[in-house]
Amino acid sequence: MYDAKAYSVASATSPFTATGIARRDPTPHDIQLEILFCGICHSDLHQARNEWSAMPTVYPCVPGHEIVGRVTKVGSEVTRFRPGDLAGVGCLVDSDGTCPECQANLEQFCPNSTFTYNAPDKHLGGVTYGGYSESVVVDERFVLRVPPNLDLAGAAPLLCAGITTYAPMRRQGVTKGKKVGVVGLGGLGHMGVKFGRALGAQVVVFTTSPKKKEDALRLGADEVVVSRNADEMRKHGGSFDFILDTVAAEHDLNAYLQLLRRDGNLTLVGAPDKPLPVAAFGLIFGNHSLSGSLIGGIRQTQEMLDFCGEHGITADVERIPIQKLDEAYERMLKSDVKYRFSIDMASLRAG
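Residues numbered from 1 in each chain as written. Predicted model: local features only at pLDDT ≥ 70, side-chain atom pairs only at ≥ 80, totals over all residues. Heavy atoms only, no water.

## Observations regarding the nonpolar core
Thinking step 1. If you look at the biggest cluster of nonpolar residues, it comprises 91 residues, and the most contacted ones within it are Ile40, Tyr132, Phe195, Leu325 and Tyr329.
Thinking step 2. When residues in this core are grouped by element, the largest group, 7 residues, is from strand 3 (residues 30-40).
Thinking step 3. One finds Val204, Phe206, Phe240 and Leu260 within the second-largest nonpolar core, a separate group that totals 14 residues. (Core = buried A, V, L, I, M, F, W, Y, C linked by side-chain atoms within 4.5 Å. Buried < 20%, exposed > 50% of the residue type's maximum accessible area, 1.4 Å probe, protein only. Helix = DSSP H or I, 4+ residues; strand = E, 2+ residues; numbered from the N terminus.)

Below, the structure is given as C-alpha cells:
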C-alpha cells in the first residue's frame, strides 16, 4: 500500500477537507494513474450528502468517477498500457467478468460490479475511494484510452456525462435523418446536443428558460423550444424519433410522449426522486416507448471516447482548484455552471 493525497467528507454535513487515503500497490493486472483532472458529477453531491437511501454513504467519502490521468505504473501482465499513456476511469473499477451481463459487455449491470467510490473494496477492505485524489489504481479491464487531441479538463466528464448520453442515442439508432429532442440543457443535456449534432440528427432542445436559447444554438441545436409555451410544443406534435430527457426535477413526461412519432422513444437519464405519472394512452397510441438508461459498458465507453476524438467533442467545463469543492457543490445546486466543473489536480499537489 501507499498513501495518496485526497479530499474527503466526514459526514453528510461536513465540508471537504484534505486527507490521506490508502491505495494498493499495483497487482500484475493493475494500472496506476496520476490523476490530472476529475469532473464533478451531480451523483457526487448526492453521495457525499448521503441523499440516496438505496446506496447509503460510508464515511469518510472520497467522490469522483470522471477521471483522466497519466499512467505511472503498470502490472507485470498489463498489455494495453504503458507508463506515460493518457487514460481514463469512469463509474466502474471492477466486475465479476463471468456473468451474462459481463459476457455481453454490459458490466454496468453486473450484480457484482464495483463502483469507483463508496463500494466495497475487495483489495483493501472498507470502501473504494474516487477521483478527488492524486492517484488511483485500477484493473486494466476498466481503464480507457483517452484520445490525445482532446482537452483533458473537458474530457474528464465524458467518463460519466458523456457515456450516459451517448449510450441511449446509439441504442435508439440516432443518425442522419432522425429528429432528436433533448430535454434540459445542463451537464447531461449539453452533451446530448453535441452527440446528436455529431451523429447527424436534427436536434431540438426543450428548456423552461428562454435565456438558454443562444447557448443551445451555439452547442449545435437546430431549434430551441420553451417547454412552457403550449403553442411551441404543439407545433412539434408527433414528429420526434427520439427524445432524451435529462431533467432530474419533477416535470410532465406526457407532454413529451405526445411529441413522438410512431414507434418513437423517450429515454430518461435524469432521475427525479419522486415517481412521475404516465398516461397509458400516451404510450399505446403510436407504439411509443418510455425507457431509462444507465451508463454504458467498457467497450461502448471506449467507442464513445474514440468518437469524441474523431469529432473533437468535450464537455464545456469550468476548471476549479480542489480547494473550492464546497463552493462548486453549492453553485451546482443553483445550476450555476456551464456545464460541468472539472477539478485541476495540480492544485492538490501544490497544496
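## Comments concerning the environment of Ile320
Thinking step 1. In this structure, Ile320 sits in strand 16 (residues 317-321).
Thinking step 2. Separated by 22 residues in the primary sequence, Ile320 and Ser342 place their C-alpha atoms 6.2 Å from one another.
Thinking step 3. For Ile320, the contacting residues outside a window of four places in its chain are Ile40, Ala328, Phe341, Ser342, Ile343 and Asp344. (Contact = heavy atoms within 4.5 Å.)

## So, the packing of helix 4 (residues 161-171) against helix 10 (residues 298-311)
Thinking step 1. Where helix 4 meets helix 10, the closest approach of the two axes is 10 Å, and the angle between their N-to-C directions is 100 degrees. On the basis of their axis angle, the class for helix 4 and helix 10 is roughly perpendicular. Taken together, the residues of helix 10 that come into contact with helix 4 (itself represented by Gly162, Ile163, Tyr166, Ala167 and Arg170) are Gln300, Thr301, Glu303, Met304 and Phe307.
Thinking step 2. Partitioning the contact of helix 4 with helix 10 into residue classes produces 5 nonpolar, 3 polar and 2 charged. (Axes fitted to C-alpha atoms, helices over the stretch in contact; angles between N-to-C directions. Parallel < 35°, antiparallel > 145°, perpendicular 65-115°, else oblique. Nonpolar A, V, L, I, M, F, W, Y, C, P; charged D, E, K, R; others polar.)

## Let's talk about a nonpolar patch on the surface
Thinking step 1. Residues Leu106, Phe109 and Leu294 make up a contiguous nonpolar surface patch of roughly 250 Å² in combined accessible area.
Thinking step 2. By the secondary structure assignment, Leu106 is in the loop between helix 2 (100-103) and strand 7 (114-115). (Patch = residues over 30% accessible without salt bridge, like charges linked within 9 Å, V, L, I, M, F, W, Y side chains within 5 Å. Areas by Shrake-Rupley, 256 points an atom, 1.4 Å probe, with all protein chains shown as cover. Salt bridge = Lys/Arg side-chain N within 4 Å of Asp/Glu carboxyl O.)

## Observations concerning the sheet that holds strand 10 (residues 179-183)
Thinking step 1. The strand order across the open sheet formed by 6 strands is 12-11-10-13-14-15, and the pairing between neighbours is parallel. Only two strands of the sheet have a single partner each, and these edge strands are strand 12 (223-226) and strand 15 (289-292). Pairs of neighbouring strands in the sheet enclose a mean axial angle of 20 degrees, with direction left out of account.
Thinking step 2. Examined bridge by bridge, strand 14 (residues 260-268) and strand 15 share 4 bridges and lie parallel to one another. Bridge pairing links Asn265 to Ser289 in strand 15.
Thinking step 3. Packing of helix 4 onto the sheet brings it into contact with strand 10, strand 13 (240-245), strand 14 and strand 15, and relative to strand 13 it is tilted by some 160 degrees.
Thinking step 4. Contacting strand 10, strand 11 (202-207) and strand 13, helix 5 (residues 189-198) crosses the sheet at an angle of about 165 degrees to strand 11. (Pairing = 2+ DSSP bridges.)

## Here's the deal with helix 4
Thinking step 1. Most of helix 4 is tucked away, with 9 of its 11 residues classed as buried.
Thinking step 2. Burial in helix 4 covers these residues: Ala161, Gly162, Ile163, Thr164, Thr165, Tyr166, Ala167, Pro168 and Met169.
Thinking step 3. Looking at the packing, one finds that the buried side of helix 4 touches strand 10, helix 5, strand 13, strand 14, helix 10 and strand 17 (340-344).
Thinking step 4. Residue Gly173 follows helix 4 closely and has a positive phi angle near 70 degrees.

## Observations regarding the pattern of salt bridges
Thinking step 1. For the structure shown, the criterion picks out 23 salt bridges.
Thinking step 2. A salt bridge links Glu66 to Arg340; the nearest nitrogen and oxygen atoms lie 2.5 Å apart. Within this pair, whereas Glu66 is found in the loop between helix 1 (42-48) and strand 4 (67-74), its partner Arg340 is found in strand 17, the two being separated by 274 residues in sequence.
Thinking step 3. Residue classification places Glu66 among the buried residues on the basis of a relative accessible area of 0%.
Thinking step 4. Where Asp139 meets Arg141, a salt bridge forms, and the shortest distance between an N and an O atom there is 3.4 Å.
Thinking step 5. Connected via shared salt-bridge partners are Lys194, Asp215, Arg218, Asp316 and Lys338.

## Here's the deal with the pairing of strand 1 (residues 2-8)
Thinking step 1. Most of strand 1 sits out of view: 5 of its 7 residues are buried.
Thinking step 2. The pairing of strand 1 with strand 2 (residues 17-23) spans 7 bridges and is classified as antiparallel. When the bridges of strand 2 are listed, Lys5 appears paired with Gly20.

## Observations concerning the packing of aromatic side chains
Any pair of aromatic rings gets described here by the distance separating the centres and the angle formed by the planes.
Thinking step 1. Overall, the coordinates contain 8 aromatic pairs when judged by the stated rule.
Thinking step 2. Consider the rings of Phe16 and Tyr329, whose centres lie 5.2 Å apart with planes at 80 degrees: the pair is edge-to-face. With Phe16 in the loop between strand 1 and strand 2 and Tyr329 in helix 11 (residues 325-333), this pair connects stretches of sequence that are 313 residues apart. For the pair Phe16 and Tyr329, a shared accessibility class is recorded, and that class is buried.
Thinking step 3. Both rings, one in Phe206 and one in Tyr256, keep their centres 5.4 Å apart while their planes meet at 80 degrees; by these two values the pair is edge-to-face. Here Tyr256 lies in helix 8 (residues 253-257) and Phe206 lies in strand 11, a separation of 50 residues in the sequence.
Thinking step 4. When its relative accessible area of 1% is taken as the criterion, Phe206 is described as buried.
Thinking step 5. Grouped by ring-pair contacts, the aromatic residues Phe16, Tyr132 and Tyr329 constitute a single cluster.
Thinking step 6. The ring of Phe81 has Arg145 lying over it, and the distance from NZ or CZ to the ring centre is 4.6 Å. (Phe/Tyr/Trp six-rings, centres within 6.5 Å; stacked < 30°, edge-to-face > 60°. Lys NZ or Arg CZ within 6 Å of the ring centre and 35° of its normal.)

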